[in-house]
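# Chains, contacts and geometry: an overview
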Amino acid sequence: MKKKLRCFESPLVFAALVFLANPVFGVVDILPDVIGGLLLYAGLTEISYIDSRIDTARSRSLYLAAVNGIKLLLTPAIITGGVSSDLLAATAFFGVAETLLLFMIFGNLYEGLSESVSLRGNADTLRAFDGARTLALFFIGVKAGLTILPELSALFEIAALTDITNAELYLSIAAIKNYFYVLSAFVVLALGIWWLTNTAGMLRSVRRDSAFVESVAASYSAAYLERPAARMCKRLNVSKYFVVLGLLFYITIDMNGTNILPEFIGSALIIAGLALLARAACFRSLAAPAFYAVAVQTLAYFYRENKIDIYADLFRELGTVSFAASVIIGLMEAASFVWLAVAASDYFGAAADTYAPPDTSRMLYGLWPVAAVYACIHTVMYALPIWQGYLWLPDTVCIIVAAVIVCGNYRLVTGQIKYLEESEKFRCADSSASSTKTE
């Protein structure tokens, strides 16, 4: 039975465009594009099976979410730094990276859709896709230019410092930055509304093309719904992205004295990725260590961001108390790393035995030794800040090793699932041939 395709009726894709269409003020994004990238990834799930270019666009939307997630984490440090040249550099870097990704995403998306429509749809739908692609690429380019434009005032501020004679002129030009902010926001908002309206019209045109929608639904059913192994592998791949991204948050990166990759966010991402496998394993086994890890790591993060200098000369006694608190919180956090690693490994092993052949969990590599080493290094780093520079490299190496192990385990499970599927096909073909020969 053909399944009605929800993609052309689901609000996820349109909601993603709303997050991507709003004005950006330097690095400040009122509606974070990281959410838009994740919504786009989820919204393109079904139609990603009808053309490889659409699947490529869907995968790149995760890169878009990652780039904007890093920008979101860096935003407080960049703004509080108060250096206009740093703001210009950050705006230009993230603006160019995001623009290139958006060009590739929407280029691949509409190329795949246009090719599918030319084979299965009508001329009206094809024209709607072509018009939407042109407008999307135009809007992305204009938005990028207008986002960077106000920050160019930093160049005049730098010129004022080097050319004292014309400093007043340069500063007066730089002072109109706020007017450019208003102008850019107005133009981007107007074009964004036009883009959203055009996209809504394109989606209505697609829904009226019943032949195209039915053909895509049939392709989706054959490629996904009727292949349980494909669904399992897809879910495992999404889970892997979340877990690996969460591990990256365990890398310590300080900017202006602030850790821009909080561990508790990493643990939340890891737990979210493992929760996608809840159909195959009991999530209750992960609930207690997950809650403990997020709670303790949140406490540790905010304590370290606001603690008193333990080396203060005038407060020796208070410094000792602060040092003791740092050690206790560090040990609690170390326990959270190890407990979460052990529980996550057991949980993933149970899911592997459900998805793949039994006893697949025995083939998986354990994470707890790496977690134990990382926990010890991490505790020393924060209890004795003077050692942070020496221990940063081994601390980071532990995370890289953990990410490699995680990717290897996921790859092993998906390989076993595909092997099981091929074995089933071979047995079915063999039995069919035997029955034909008997007849």
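Residues numbered from 1 in each chain as written. Predicted model: local features only at pLDDT ≥ 70, side-chain atom pairs only at ≥ 80, totals over all residues. Heavy atoms only, no water.

### Describing the overall build of the chain
For clarity, the threshold we go by: In this description a helix means any DSSP run of H or I spanning at least four residues, a strand means any run of E spanning at least two, and both kinds are numbered starting from the N terminus. For the accessible areas, the method is Shrake-Rupley and the probe is 1.4 Å, while residue cover comes only from the protein chains on display.
The secondary structure content of the chain amounts to 15 helices and four strands. Carbon and sulfur atoms make up 69% of the accessible area of the chain, which amounts to about 22,000 Å² in all.

### Some words on the packing of aromatic side chains
This is how it is decided: Within 6.5 Å between ring centres, the rings of Phe, Tyr and Trp (the latter by its six-membered ring) count as paired, and their orientation is classed by plane angle as stacked under 30 degrees, edge-to-face over 60, tilted in between. Type-normalised accessible area, obtained with a 1.4 Å probe on protein chains alone, sets the label of each residue: buried when under 20%, exposed when over 50%, and partly exposed for intermediate values.
Overall, the coordinates contain twelve aromatic pairs when judged by the stated rule. For the pair Phe 337 and Tyr 374, a centre-to-centre distance of 5.0 Å together with 70° between the ring planes defines the contact as edge-to-face. Residue Phe 337 is found in helix H13 (residues 316–355), and its partner Tyr 374 is found in helix H14 (residues 368–383); the two are separated by 37 residues along the sequence. In this pair, the class of Phe 337 matches that of Tyr 374, namely buried. Put simply, the rings of Phe 106, Tyr 110, Phe 129, Phe 139 and Trp 195 pair up and form one aromatic cluster.

### Here we look at a nonpolar patch on the surface
Counted only if it meets this: In this scheme, patches are assembled from residues that exceed 30% relative accessible area and form no salt bridge. Like charges are connected within 9 Å, while nonpolar side chains (Val, Leu, Ile, Met, Phe, Trp, Tyr) are connected within 5 Å. What makes a salt bridge here is a side-chain nitrogen of Lys or Arg within 4 Å of a carboxyl oxygen of Asp or Glu, nothing more.
Where nonpolar side chains cluster on the molecular surface, the patch consists of Leu 149, Leu 152, Leu 169, Ile 173, Ile 176, Tyr 179, Phe 180 and Leu 183 and spans about 700 Å² of accessible area. If you list the elements that add at least two residues to the nonpolar patch, you get helix H7 (167–174) and helix H8 (177–208). A per-element tally of the nonpolar patch places H8 first, with three residues. Inspection of the secondary structure assignment puts Ile 173 in helix H7.

### Observations concerning the nonpolar core
Heads up, the rule is: The term nonpolar core refers to a set of buried residues drawn from Ala, Val, Leu, Ile, Met, Phe, Trp, Tyr and Cys, joined through side-chain atoms within 4.5 Å. A contact between two residues is defined here by any heavy atoms of the two lying within 4.5 Å.
Counting 48 residues, the largest nonpolar core has Leu 236, Leu 247, Tyr 250, Leu 274, Leu 277, Tyr 410 and Val 413 as the members making the most contacts within it. Residue assignment for this core shows that the elements contributing at least two residues are helix H10 (228–248), helix H11 (263–275), helix H12 (284–306), H13, H14 and helix H15 (388–438). Excluding residues within four positions of it along the chain, Leu 236 makes contact with Leu 277, Phe 348, Tyr 355, Tyr 410, Val 413, Thr 414 and Ile 417. Among the nonpolar cores identified, the runner-up in size contains 40 residues, and Leu 39, Leu 109, Ala 132 and Leu 191 belong to it.

### Focus: the packing of helix H1 (residues 11–21) against helix H2 (residues 33–43)
Heads up, the condition is: Angles here are taken between N-to-C directions and fall from 0 to 180 degrees, while the axes themselves are lines fitted to C-alpha atoms, restricted in helices to the stretch in contact. Note that the term roughly parallel is reserved for angles under 35 degrees, roughly antiparallel for angles over 145, roughly perpendicular for angles of 65 to 115, and oblique for everything else. Helix crossings are classified by the rotation of the near helix relative to the far one: an anticlockwise turn of less than a right angle makes the crossing left-handed, while a clockwise turn makes it right-handed. The classification used treats Ala, Val, Leu, Ile, Met, Phe, Trp, Tyr, Cys and Pro as nonpolar, Asp, Glu, Lys and Arg as charged, and all other residues, Gly among them, as polar.
Axis separation between H1 and H2 bottoms out at 8 Å; the angle between their running directions is 160°. Looking at the two axes, H1 sits roughly antiparallel to H2. Between H1 and H2 the crossing geometry is left-handed. On H2, the residues touching Leu 12, Val 13, Ala 15, Ala 16, Phe 19 and Leu 20 of H1 are Asp 33, Ile 35, Gly 36, Leu 39, Leu 40, Ala 42 and Gly 43. Class assignment of the residues belonging to the contact of H1 with H2 gives a composition of ten nonpolar, two polar and one charged.

### A few points about H14
An α-helix turns once every 3.6 residues. As a result, residues three or four positions apart point the same way. Threshold: Under the convention used throughout, the expected extent of a helix is 1.5 Å for every residue step, that is, one less than its residue count.
End to end, H14 covers 22 Å across 16 residues, agreeing with the expected 22 Å (1.5 Å per residue, within 8%). All of the buried residues in H14 are Val 370, Ala 371, Tyr 374, Ala 375, Ile 377, His 378, Thr 379, Met 381, Tyr 382 and Ala 383.

### Points about the side chain of Asn 108
You can see Asn 108 is positioned in helix H4 (residues 84–120). Its relative accessible area of 14% is what places Asn 108 among the buried residues. With residues near it in sequence (within four places) discarded, Asn 108 still touches Arg 53, Ile 54, Thr 56, Ala 57 and Arg 60.

### A closer look at H2
Burial of H2 is extensive: eight of the eleven residues sit out of reach of the surface. By the burial criterion, the buried members of H2 are Asp 33, Val 34, Gly 36, Gly 37, Leu 39, Leu 40, Tyr 41 and Gly 43.

### A few points about the pattern of salt bridges
For the coordinates displayed, the defined rule picks out two salt bridges. The shortest N-O distance in the salt bridge between Lys 71 and Glu 98 comes to 3.8 Å. Here Lys 71 is found in helix H3 (residues 52–81), whereas its partner Glu 98 is found in helix H4, with 27 residues between them in sequence. The residues Lys 71 and Glu 98 share a single accessibility class, namely buried.

### Section: the environment of Arg 127
Here Arg 127 lies in helix H5 (residues 123–148). Since its relative accessible area comes to 53%, Arg 127 is described here as exposed. Each C-alpha atom of the pair Arg 127 and Ser 205 lies 9.7 Å from the other, and the pair is 78 residues apart in sequence.

### Observations concerning the environment of Leu 299
Inspection of the secondary structure puts Leu 299 in helix H12. Residues Leu 299 and Glu 333, spaced 34 residues apart in sequence, show a C-alpha to C-alpha distance of 9.1 Å.

### Brief notes about the state of the cysteines
Operational definition: Working definition: a disulfide is two cysteine sulfur atoms within 2.5 Å of each other.
This structure, assessed with the given rule, holds zero disulfides. No disulfide involves Cys 376; its sulfur sits 9.4 Å from that of Cys 398, the nearest cysteine. Classification of Cys 376 by relative accessible area gives exposed; the value is 54%.

### Details of the confidence of the model for the chain
This is how the line gets drawn: Values of pLDDT, the confidence the predictor places in each residue, fall between 0 and 100.
Of all residues in the chain, 80% attain a pLDDT of 70 or more, and the chain-wide mean is 77. Mean pLDDT in the chain bottoms out at helix H6 (residues 153–162), which sits at 69, and peaks at H11, which reaches 86. For residues 308–318, every residue scores under 50 in pLDDT, and the model assigns this stretch ten contacts once sequence neighbours within four places are set aside.

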